[in-house]
Amino acid sequence: MKLAIKRIGFLVVVLGLWQLVYSIGVFEDIVFPSPIKVAGALYEGFADGDFIKALGASFRHLFMGLSLAILFGTVIGVLLGKSKQADETAGMYLIALQSIPSIVWVPLAIMLFGFSEFAVVFVVVLGGTFVMALNVRTAIYSVPPQLVRAARTMGTNGVPLFFRVEVPSSIPYFMTGLRLAWAFSWRALMAGELLSNGPGLGYSLRYAQDYARMDQVIAIIIIIGVIGAVVDQVVFSKLERNVRKRWGLLKT
């Protein structure tokens, strides 16, 4: 309850400062709309269905791209974690690829797939794959060696050892990878949609900017931020916390 009051109070202060800056005319109205005007743009966008359609398209792109990113990232991470030769050869390049901002992949995606939805999904896949692979590799490396030795003394080796010992021990790091893959994929999605021909939230953002609808621009930015925070806190953060608690890794 106290936490909710603090957060609501902080939001009220931000809105108050926003309204103050608008009222004293620091910026022109066309580039800095009032909170009331932005609220009106939010209502208008949901009432006429534009924002709902854009959200549906964005979540479709995200689901396809994130699913592939998790699959590819897991396979690459396991390969690097289980093969010393593969890690020494490709591990450094994986870190380099992960450090590339998602928007850098957009020109390549457009060249390969044109201004299509496939280009957006391609950017999302690249945005989430490498961070997922790095976390899965870390998960494999972080398996306590005493567990592996104990399993081997009881006759468990090869594939059974991997699935009975290494996979369960890696779950907490895998959940962290899922959370980060979601965050990176969500950002990559917006980068890809900004330069696409739609539909999607990113495309709607660029469309509003082209027509100088700053109230819609800020409204869409708010939607993007709220969705990112809610999904992270309600879904991935809780999953990660529950897994870490069950595995005895959560500090009390």
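Residues numbered from 1 in each chain as written. Predicted model: local features only at pLDDT ≥ 70, side-chain atom pairs only at ≥ 80, totals over all residues. Heavy atoms only, no water.

An unreviewed UniProt entry annotates the chain as ABC transporter permease of Halobacillus trueperi. A UniProt comment under Sequence similarities (unreviewed entry) is attached to the chain, and it reads "Belongs to the binding-protein-dependent transport system permease family." Turning to the chain, the UniProt record has this under Subcellular location (unreviewed entry): "Cell membrane". (UniProt positions renumbered as here; feature names shortened; annotations may be inferred.)

### A closer look at the UniProt feature "transmembrane region" (unreviewed entry) in the chain
UniProt tags residues 62–81, 93–113, 119–140, 161–184 and 217–236 as "transmembrane region" (unreviewed entry). Between the first and last C-alpha atoms of residues 62–81 the distance is 27 Å; the span itself is 100% helix and 0% strand. Across residues 217–236, the secondary structure splits into 100% helix and 0% strand, with the terminal C-alpha atoms separated by 27 Å. (Helix = DSSP H or I, 4+ residues; strand = E, 2+ residues; numbered from the N terminus.)

### Looking at the packing of helix α8 (residues 158–194) against helix α10 (residues 214–246)
Contact pair α8 / α10: the axes reach a minimum separation of 9 Å and the direction vectors enclose 170°. One element, α8, and the other, α10, form an angle in the roughly antiparallel class. Contacts from Ile171, Pro172, Met175, Thr176, Leu178, Arg179, Trp182, Trp186 and Met190 of α8 reach α10 at Ile224, Ile227, Gly228, Val231, Asp232, Gln233, Phe236, Ser237, Leu239, Glu240, Val243 and Arg244. Grouping the constituent residues of the contact of α8 with α10 by class yields 13 nonpolar, four polar and four charged. (Axes fitted to C-alpha atoms, helices over the stretch in contact; angles between N-to-C directions. Parallel < 35°, antiparallel > 145°, perpendicular 65-115°, else oblique. Contact = heavy atoms within 4.5 Å. Nonpolar A, V, L, I, M, F, W, Y, C, P; charged D, E, K, R; others polar.)

### Comments concerning the packing of aromatic side chains
Here the structure, examined in full by the defined rule, presents nine aromatic pairs. Seen from their ring centres, Phe46 and Phe51 are 5.5 Å apart, and the 85° between their planes marks the pair as edge-to-face. For the pair Phe59 and Trp186, a centre-to-centre distance of 6.0 Å together with 25° between the ring planes defines the contact as stacked. Here Phe59, found in helix α3 (residues 50–82), pairs with Trp186, found in helix α8; they are 127 residues apart in sequence, far enough to count as distant. (Phe/Tyr/Trp six-rings, centres within 6.5 Å; stacked < 30°, edge-to-face > 60°.)

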